[in-house]
Every structure is written in structure tokens, then in C-alpha cells.
Amino acid sequence: MKANLKLGSISGVKIIVHWTFFFLIAWIVFSELKRGGSTNSILFNIALILAVFACVVLHELGHALTAKFFGVKTKDITLLPIGGMASLERIPESPKQEFLITIAGPLVNVIIALLLYFIVPVQDFIYLNLTETLETLGGFSLQNFLFSLFIVNVGLVIFNMIPAFPMDGGRVLRALLAIKMNRVKATQIASNIGQSIAVLFLLIGLLYNPFLVFIALFIFLGAYGENKMVQHLALLKAHNVEDAMLLDITVFKPEDPLDMVVNKLISGTENNFVVVKNSRVQGVLYHQDIINNSNKNVLVKDVMNTDFKTVNSNDNLEDIYILIYNEKHPFFPVIDHENLVGVIDATNLNEYVLLQAKLAY
């Protein structure tokens with residue numbers, strides 16, 4: 001979404017603040033005003049949230065920079081109200097590499113917590129009872145600010161190390177299991193453990209805290225999605241694009257009227273089309289662009305998208321699977337010696353996965 005705020009990049013990794021993050025800031029201001037909080041309390045809490053998310057960025061950079069060391073690129077880091085997400089190009093199949101990439105994030109929070117432990121100093125709070133601690137934290141001093149940040153970083157480590165996908169703990173567990181067994185089985189075991197934890201959270205949430213219900217859903221779906229993805233990648237191993245690509249496709253020339261495309265769209269089952277001239281791909285016509293311009297008297301070249309990716313017919317389907325689910329438009333012309341030989345998209349790749357799954361049994 002265009003409302004997302006781009007903060008810049010660190011070591012080639014873009015830092016993006018998702019637009020929903022600003023709802024968190026608005027909610028903090030609203031909550032403080034509702035309970036009669038002062039300007040100082042509002043500013044204190046906003047500053048704390050910003051500091052927490054700075055720690056989240058460092059956490060995700062721990063993942064990203066370690067991944068970079070192993071040759072894995074990170075597209076960006078996105079800040080959401082519930083935390084951060086580093087969009088790694090892929091997760092290495094090597095258990096050792098996955099373990100190091102995963103554990104690097106929580107280790108950053110451990111280092112921050114250790115630094116804050118000695119700066120605050122935390123022991124001044126440890127010897128207070130709960131009532132005294134709450135009274136002390138009621139002020140808006142720098143010491144209280146840093147102690148709160150210390151508690152949050154400790155909490156981030158504990159939460160992230162829950163052995164359930166999509167948290168870091170789930171990946172650490174999978175990496176350790178994969179040392180002794182294949183990756184698919186390791187993922188299935190880690191996923192089952194994660195879903196069991198999700199059910200436990202759900203039951204506790206229904207009884208005591210509704211927020212845990214949301215966390216339970218987050219964990220359950222994350223575990224399910226990770227398990228399915230690894231199973232699919234295993235099925236696609238040793239297969240290439242040529243095995244799954246669509247051959248019977250309609251192509252258009254840049255000088256064709258868009259009306260021809262609209263008629264084909266209505267009369268057939270294809271939604272996206274490749275634009276070709278002299279056997280070379282010139283652009284791609286995406287479904288939504290065709291619909292948006294269907295009432296105009298224009299040519300294909302006026303509507304086609306020239307910012308597209310192509311794949312080679314001998315590319316590994318594992319890589320294409322990841323590419324398809326990371327791209328806005330999961331539709332790619334397939335090239336062989338610079339000539340168009342077919343296309344591949346999410347629909348026919350999923351069908352190929354289903355066929356392979358049947359053949360595997």
C-alpha cells in the first residue's frame with residue numbers, strides 16, 4: 001500500500017513501516033486521553049513504543065545480516081503493530097545455517113537486555129516488592145524508561161523462543177530436529193508442537209485473556225502454512241519449470257487493440273497475457289490493468305507492463321514456488337534462449353503440486 005512509510009535502508013535492506021502501525025500510536029494517545037493521562041504520559045508511552053520498535057528492527061537486522069553472510073538476501077523489514085517481519089528470499093535447508101540465522105534475532109535482544117541491565121541498573125528494581133515497583137514505574141524518568149525497555153527485550157526473547165512457527169523458536173526447533181532427520185519430517189514435528197501450543201493458548205485465552213486467542217490463531221496458521229510450504233518444496237525438488245509451465249497460451253502484439261484482449265478475456269479462461277514482438281517478450285498484460293482500461297480505445301502497448309520478471313525453462317521449481325508467493329503478480333513468461341516458450345503462474349503451479357502429491361502416495 002502506498003501509505004506505507006519507507007525509512008530508508010541498512011546494508012541494502014529496506015526498512016518499511018506498515019500503515020497499520022500508525023493505528024497503534026493513535027490507540028496509545030486515545031487510551032491515555034481516555035484515562036485522563038497527561039501530556040508527559042502520552043509522550044513517554046509513544047517514545048517507549050518507538051524505542052521498542054527500534055529494538056524490533058535490530059532484532060530483524062540480526063536475522064537479515066546473518067542471512068546475508070550465508071548468501072541469502074532480505075528484501076525488506078516491515079514494521080507491523082504486532083512486531084517486525086524480515087522478508088528473507090528463502091530459508092536455507094542447511095540446519096546449521098537456519099539455526100544461526102534464526103537465533104541471531106533473539107541474541108540481539110539478549111545483548112540489548114544485558115546492556116540495559118547494567119545501565120539502569122536493574123537490581124534497584126529487583127529488591128522492591130510489586131507495589132513499590134509499580135509506584136516507582138509511575139514516574140516518567142529516564143531510569144523507568146530504560147527499565148521498561150529492559151523488560152520488553154526480555155519479553156521479546158521469551159516470546160520469540162516459543163517452539164512454534166512462525167516464531168523463531170519454531171525454526172530453532174526445526175533446525176535442531178533436521179540434524180537427525182529430513183527437513184519435511186522435522187517441520188511436521190515442529191508444526192505439530194506449535195499447533196498444540198496454539199490450542200493451549202486458545203483455551204487459556206478463552207478463560208482469561210482474549211488477546212491470547214489472537215496469538216493462538218497466529219501460531220496455528222503459521223505452523224500450518226510452514227508445514228505445507230516445506231511439503232510442497234519437497235515435492236518440487238528436482239523438477240524444473242519446463243515440467244509445469246503452460247504451453248497453450250494466447251499472446252498479443254504491442255500494436256493490437258486492447259479490445260482484442262478484452263474479448264479473449266471474456267471468452268476464455270486466461271487472465272494474464274504476454275506481449276510479444278519478433279519472438280521476444282515486450283511486456284505483460286495483467287488482469288486488473290485490462291479491466292481498468294477496458295473502456296478505452298487504446299493499444300496493447302499503452303497498457304502492458306514493462307516492469308516484469310521472466311524465468312528460464314530449466315529453472316528449479318523450488319525457486320519459482322518461492323518467487324511466485326513473494327511477488328505481487330504471480331505470473332511469469334518462460335524463456336528459452338530469449339524466446340517465449342510458455343508461462344507459469346500460481347494456479348498451474350498449485351495444480352502441479354497436487355498432481356505430484358498424488359503420485360507420491
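Criteria and cut-off values
Each chain carries its own residue numbering, running from 1 in the written order of its sequence. The predicted origin of the model limits local features to residues at a pLDDT of at least 70 and limits the giving and counting of side-chain atom pairs to 80 or more, whereas totals for whole chains, interfaces and linings rest on all residues. The side-chain quantities take in all heavy atoms of the structure and omit both hydrogens and water. Helix and strand assignments come from DSSP, with helices taken as H or I runs of at least 4 residues and strands as E runs of at least 2, each series counted from the N terminus. Relative accessibility thresholds used throughout: buried, under 20% of the residue-type maximum; exposed, over 50%; partly exposed, between the two (1.4 Å probe, protein chains only). For this analysis, residues touch if any pair of their heavy atoms sits within 4.5 Å. Here the Shrake-Rupley method, with its probe set to 1.4 Å, supplies the accessible areas, and only the displayed protein chains count as covering residues. UniProt positions are given in the numbering used here, feature names are shortened, and annotations may be inferred rather than shown by experiment. Any two strands with at least two DSSP-identified bridges between them are counted as paired. Residues enter a nonpolar core if they are buried and are Ala, Val, Leu, Ile, Met, Phe, Trp, Tyr or Cys, with the set joined through side-chain atoms within 4.5 Å.

*Asks:* So, the overall build of the protein chain: which residues are in play, and what are the values?
*Replies:* For the protein chain, the count of helices and strands is 15 helices and 10 strands. In terms of overall dimensions, the protein chain has C-alpha extents of about 80 × 55 × 40 Å along its principal axes. A total of 361 residues make up the protein chain; the buried ones form 43% of that total. Across the protein chain, every contact between residues at least 6 apart in sequence was considered, and the portion connecting residues at least 24 apart equals 59%. Carbon and sulfur atoms make up 62% of the accessible area of the protein chain, which totals about 20,200 Å².

*Asks:* Kindly report on the UniProt feature "domain: CBS" (unreviewed entry) in the protein chain, identifying the contributing residues and their values.
*Replies:* Feature annotation in UniProt places "domain: CBS" (unreviewed entry) on residues 304-359, given in this structure's numbering. This span, residues 304-359, is 39% helix and 27% strand, and a straight line between its end C-alpha atoms measures 39 Å.

*Asks:* Tell me about the UniProt feature "transmembrane region" (unreviewed entry) in the protein chain, and name the residues and values.
*Replies:* Residues annotated in UniProt with the feature "transmembrane region" (unreviewed entry) correspond here to residues 12-30, 42-61, 99-120, 140-162 and 197-224. Between the end C-alpha atoms of residues 12-30 the distance is 36 Å, and the span holds 53% helix and 26% strand. A distance of 29 Å separates the end C-alpha atoms of residues 42-61, which is 100% helix and 0% strand.

*Asks:* Explain the pairing of strand S10 (residues 339-345) to me, using residue names and the numbers behind them.
*Replies:* Two strands pair when backbone bridges link them, and strand S9 (residues 331-336) and S10 are joined in this way by six bridges, in the antiparallel orientation. Across the sheet, the residue bridging to Phe332 is Ile344, located in S10. The hairpin turn running from S9 into S10, its antiparallel successor, is two residues long, and His337 in that turn takes a positive phi close to 55°.

*Asks:* So what about the nonpolar core? Which residues, and what values?
*Replies:* Formed by 38 residues in total, the largest nonpolar core has its most connected members in Phe21, Ile49, Leu116 and Leu149. Listing elements by their share of this core, those giving two or more residues are strand S2 (13-17), helix H1 (21-34), helix H2 (39-69), strand S3 (74-80), strand S4 (83-88), helix H3 (95-119) and helix H6 (142-160). Of the residues forming this core, the biggest block, 14 residues, is contributed by H2.

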